[in-house]
Amino acid sequence: MRPKVIPDGCVNLAFLGQYVELPDDVVFTVGTSVRTAMMAVWGLTGLEKPMVPMPQPYYDVRVLADNVKMVTGTDITADTLHTLVAGGSGREATASEALAPTR
């Protein structure tokens, strides 16, 4: 496990970027580097500012569907993905039907 941005007991040391643990964040992004830098500066200087909210697009079924299309080369819609994940009424597509390769 990676250390916290400001390890417990430190008053003049902080870690930045991919070297620290941030819950619910992808490690290798510019946003991670900026967020950890803000956390370090604000924490070490005692600034009481609210942290900028982290975007969480992985909860958006449209983003998930686009990622499935890109990675697998399949033609899946957000509606089909939602049906597979959340269930629904009537006949639902099976995973193999929903993920049929595009031609």
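Residues numbered from 1 in each chain as written. Predicted model: local features only at pLDDT ≥ 70, side-chain atom pairs only at ≥ 80, totals over all residues. Heavy atoms only, no water.

1. A few points about the overall build of the protein
Right, on to step 1. Scanning the protein from N- to C-terminus turns up four helices and zero strands.
Right, on to step 2. Listing every helix and strand of the protein by position from the N terminus yields α-α-α-α.
Right, on to step 3. Within the protein, the fraction of its 103 residues that count as buried is 16%.
Right, on to step 4. A separation threshold of at least 6 residues defines the contact pool for the protein, and within that pool the share at least 24 residues apart is 28%. (Helix = DSSP H or I, 4+ residues; strand = E, 2+ residues; numbered from the N terminus. Buried < 20%, exposed > 50% of the residue type's maximum accessible area, 1.4 Å probe, protein only. Contact = heavy atoms within 4.5 Å.)

2. Describing the environment of Lys-69
Right, on to step 1. Checked against the element boundaries, Lys-69 lands in helix 2 (residues 61-72).
Right, on to step 2. Given a relative accessible area of 33%, Lys-69 falls into the partly exposed group.

3. Concerning the environment of Ser-33
Right, on to step 1. Along the chain, Ser-33 falls in helix 1 (residues 30-45).
Right, on to step 2. Owing to a relative accessible area of 36%, Ser-33 belongs among the partly exposed residues under this scheme.
Right, on to step 3. Separated by 16 residues in the primary sequence, Ser-33 and Gly-17 place their C-alpha atoms 4.1 Å from one another.

4. Some remarks on the confidence of the model for the protein
Right, on to step 1. For the protein, mean pLDDT is 75; residues scoring 70 or higher make up 68% of the total.
Right, on to step 2. When the elements of the protein are averaged for pLDDT, helix 4 (residues 95-98) gives the smallest value, 48, and helix 1 the largest, 88.
Right, on to step 3. For the stretch residues 89-93, pLDDT sits under 50, and the model shows seven contacts to residues farther than four places along the chain or on other chains. (pLDDT = per-residue confidence, 0-100.)

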